[in-house]
Amino acid sequence: MRPDGYNECGGEGMGTDGATYADQKKVFDDLGQGVLNNAYEGYNSCLFAYGQTGAGKSYSMVGYGVNKGIVPISCDEIFKRIEEQKASSPDKYQFQVTIQMLEIYNEQVRDLFSKTNPSGGLKVRMNPKSGVEVVGLTEWPVGSYQEIDERIETATKNRTVASTNMNATSSRAHTVVTITYTQLELNAKGPGKHSEKKAKMNLVDLAGSERAESTGATGDRLKEGAAINLSLTMLGNVITALAERSNNPNKKVLIPYRDSKLTCILQDALGGNSKTIMVCAISPADINFEETVGTLRYADRAKQIKNKPKVNIDPTEMLIQQLKEENERLKQQMGTGGGPPGTVMTEEEKEAMKKQLEDEMAAKMAENEKMLAEMSKSWEEKLKEAQEKVRMPCFPTLPPCFSAFLDHWAGCCRRRERAIRAKAPRD
């Protein structure tokens, strides 16, 4: 008997009826592990589950009981890797992990770590530096799997779920879990100068699309279903537009991110700086044929999207790396007389080219080295230099001629003052 209640016979992964069974660990190894690997390398990543209600999205993402889903398994694996890194290099790396959880219910953003949310939900806005952000969303720093598991359990209790004819615990809102994983390589650029690499993982459990006649929804359940279907339609429009832009790079395509809160929050994950995986949850029942086909078409459009993710390192660190690469290229060009590496030139041609370009390359390299030295300074060094500049006198030492002029002018002022006092009438 397996821990999750299933029997296995006839080989690994086979159920009693001969059907192939993929347990939670198998699903994580195939999908969730890729998200973690991207985060370790410094890439933003996203994994979201889509499908009709009751198809198993929440079970795959969050799990139930001992059957941990992708979210808790990912959290556990993160801290296992951190412990391994600390054991192998205790003084080389420092790690920071934070978690955020929100749900989008009837187009209102709610903080799942808070029992009280403002009327109308939290505001979503575009930050010029950090991109899309949810104002007032709680971000919890966590130092172990036990801490993050407690946070997830608390947030899960605050989720909006309800019973329908198709699912006894149907999610009535979209849930977004954001884990920020920061790696600091200590003293990578010298004493007190650290190298930083940061990645965001968005794990999204979408509410399932549903039909009112199948779910038997009425009243509030019917309104919730309408809001869910509307936001999923907006998500489909965004995916279609992104697929069209990927297939026609020269065509100007408007991406309707602002049509819903869901697409606005997932803007980077869908068509920006992120590696994204989509999980399709489908039902084997023949009565759900149309929903299954619609889900597969949805996934087919999503597969056509082509993102261009990049490693999230500090912009200054990136510029330093580019300057170092440019200096290496200049050195190679100086060694070949200014031509590209591998160029075959005679000695006379090399000498003539060197004389022509040596001064220019040397000046460029000196400028790059100066910029590298300035950017490589730690915060403490920059602060110390600024404080020393403040303590410097405001005026430089005056030349002798100007000092003599000031003395003469001051003497004239004193004599004039005495003359005025002498002429003044006395009482």
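The notes below deal with the structure included here.

1. Considerations on helix H9 (residues 289-303)
Consideration 1: End to end, H9 covers 21 Å across 15 residues, agreeing with the expected 21 Å (1.5 Å per residue, within 8%).
Consideration 2: Listed as buried for H9 are Glu291, Thr292, Thr295, Tyr298, Ala299 and Ala302. The arc that holds the buried residues of H9, viewed along the axis, is 120 degrees, so those residues lie on one side. Exposed and oriented more than 90 degrees from the buried face of H9 are Phe289, Glu290 and Arg297.

2. Focus: the pattern of salt bridges
Consideration 1: A full pass over the atoms with the stated rule returns eight salt bridges.
Consideration 2: Between Glu77 and Lys80 there is a salt bridge, and its shortest N-O distance comes to 4.0 Å. Of this pair, Glu77 and Lys80 both sit in helix H3 (residues 70-88), three residues apart, which is roughly one turn of that helix.
Consideration 3: Taking the relative accessible area as the measure of exposure, Glu77 reaches 22% and is therefore partly exposed.
Consideration 4: The exposure class of Lys80 is partly exposed, given its relative accessible area of 42%.
Consideration 5: Across the salt bridge formed by Glu244 and Lys251, the nearest N and O atoms sit 2.5 Å from each other.
Consideration 6: Look at Lys251 and you get partly exposed, because its relative accessible area is 43%.
Consideration 7: One salt-bridge network, in which partners are shared between bridges, spans Asp76, Glu77 and Lys80.

3. Quick look at the nonpolar core
Generally speaking, soluble globular proteins have nonpolar side chains that are buried together.
Consideration 1: Within the largest apolar cluster, 34 residues are counted, with the highest numbers of intra-cluster contacts made by Ile78, Ile99 and Ile179.
Consideration 2: Among the secondary structure elements, those contributing two or more residues to this core are helix H1 (24-40), strand E1 (45-51), H3, strand E4 (93-105), helix H4 (145-157), strand E11 (174-185) and strand E12 (195-205).
Consideration 3: No other element matches the seven residues that H3 contributes to this core.
Consideration 4: Setting aside residues up to four positions removed in sequence, Ile179 forms contacts with Cys75, Ile78, Val97, Thr98, Ile99, Ala199, Lys200, Met201 and Leu203.
Consideration 5: Val134, Ala207, Val238 and Ile239 belong to the second-largest nonpolar core, a separate cluster that totals 32 residues.

4. Some thoughts on H3
Consideration 1: Helix length check: H3, at 19 residues, gives a terminal C-alpha distance of 27 Å against a target of 27 Å (1.5 Å per residue), a fit within 8%.
Consideration 2: Residues of H3 that are buried: Ile70, Val71, Pro72, Ile73, Ser74, Cys75, Ile78, Phe79, Ile82 and Gln85.

5. Some words on the side chain of Asn44
Consideration 1: Residue placement: Asn44 occurs in the loop between H1 and E1.
Consideration 2: Classification of Asn44 by relative accessible area gives buried; the value is 16%.
Consideration 3: Among the polar contacts listed, one links the side chain of Asn44 to the backbone nitrogen of Lys200, at a separation of 3.0 Å.

6. Section: the packing of aromatic side chains
Consideration 1: Enumeration according to the criterion identifies five aromatic pairs in this entry.
Consideration 2: Ring centres of Tyr40 and Tyr181 lie 5.7 Å apart, and the angle between their planes is 65 degrees; on these two criteria the pair is classed as edge-to-face. With Tyr40 in helix H1 and Tyr181 in strand E11, the pair connects residues that are 141 residues apart, well separated along the chain. For the pair shown, Tyr40 and Tyr181 are each scored as buried.
Consideration 3: Relative to Tyr298, the ring of Tyr50 has its centre 3.9 Å away and its plane inclined at 10 degrees; by these criteria the two rings are stacked. Of this pair, Tyr50 sits in strand E1 while Tyr298 sits in helix H9, placing them 248 residues apart in sequence. The two residues Tyr50 and Tyr298 agree in class, both being buried.
Consideration 4: One residue, Arg81, lies across the ring of Tyr40, its end atom 3.9 Å from the ring centre.
Consideration 5: Lying across the ring of Phe113, Arg151 places its NZ or CZ 6.0 Å from the centre.

7. Some thoughts on a nonpolar patch on the surface
Consideration 1: Judged by side-chain polarity, Phe405, Leu406 and Trp409 come together as a nonpolar surface patch covering roughly 330 Å² of accessible area.
Consideration 2: Mapped onto the elements of the fold, Leu406 is located in helix H13 (residues 400-423).

8. Concerning empty space enclosed by the protein
Consideration 1: Scanning the model with the defined rule gives two cavities of 30 Å³ or more in all.
Consideration 2: Elements that contribute at least two residues to the lining of the largest cavity include exactly E4 and helix H6 (220-247).
Consideration 3: Of the residues forming the lining of the largest cavity, the biggest block, three residues, is contributed by H6.
Consideration 4: A per-class count over the lining of the largest cavity returns five nonpolar, three polar and two charged.
Consideration 5: In this structure, the second largest cavity encloses a volume near 30 Å³.
Consideration 6: Lining the second largest cavity, in full, are Val62, Val71, Met101, Ile152, Thr156, Arg159 and Val177.
Consideration 7: Here the lining of the second largest cavity is composed, by residue class, of five nonpolar, one polar and one charged.

Thresholds applied
Each chain has its residues counted from 1, running along the sequence as written. Selection of residues for local features in this predicted model requires a pLDDT of at least 70, selection of side-chain atom pairs for listing and counting requires 80 or more, and totals for whole chains, interfaces and linings are taken over all residues. Side-chain numbers here rest on the full set of heavy atoms in the structure, without hydrogens or water. Segments assigned H or I by DSSP are reported as helices when at least four residues long, segments assigned E as strands when at least two residues long, and all are numbered from the N terminus. Residue count minus one, scaled by 1.5 Å, sets the expected span of a helix. Throughout, exposure labels follow a simple rule: accessible area from a 1.4 Å probe, protein chains only, divided by the maximum for the residue type, with under 20% read as buried, over 50% as exposed, and the rest as partly exposed. Directions from the helix axis toward the C-beta atoms define the arc. Each reported salt bridge corresponds to a side-chain nitrogen of Lys or Arg within 4 Å of a carboxyl oxygen of Asp or Glu. The nonpolar core is taken to be a set of buried Ala, Val, Leu, Ile, Met, Phe, Trp, Tyr and Cys residues, with the residues joined through side-chain atoms within 4.5 Å. What makes two residues a contact is simply this: any of their non-hydrogen atoms within 4.5 Å. What qualifies as a polar contact is a pair of N or O atoms within 3.5 Å, subject to a donor-acceptor requirement within protein and to the restriction that residues adjacent in sequence count only when both atoms come from side chains. Two rings from Phe, Tyr or Trp (for Trp, the six-membered ring) form a pair when their centres sit within 6.5 Å of each other. Planes less than 30 degrees apart are called stacked, planes more than 60 degrees apart edge-to-face, and all others tilted. Charge-over-ring contacts are defined here by two conditions on Lys NZ or Arg CZ: a distance within 6 Å of the ring centre and an angle within 35 degrees of the ring normal. Within this analysis, patches are made of residues with over 30% relative accessible area and no salt bridge. Like charges are joined at 9 Å or less; nonpolar side chains (Val, Leu, Ile, Met, Phe, Trp, Tyr) at 5 Å or less. Here the Shrake-Rupley method, with its probe set to 1.4 Å, supplies the accessible areas, and only the displayed protein chains count as covering residues. In this analysis, the protein atoms alone were mapped onto a 1 Å grid. Cavities are point sets where a 1.4 Å probe fits without being able to get out; pockets are open sets with protein on both sides within 12 Å along at least five of seven lines; lining residues have an atom within 4 Å of a point. Grid points are joined across faces, edges and corners, and a volume is the space filled by probe spheres set on the points. We call Asp, Glu, Lys and Arg charged. Ala, Val, Leu, Ile, Met, Phe, Trp, Tyr, Cys and Pro are nonpolar, and the rest, Gly among them, are polar.

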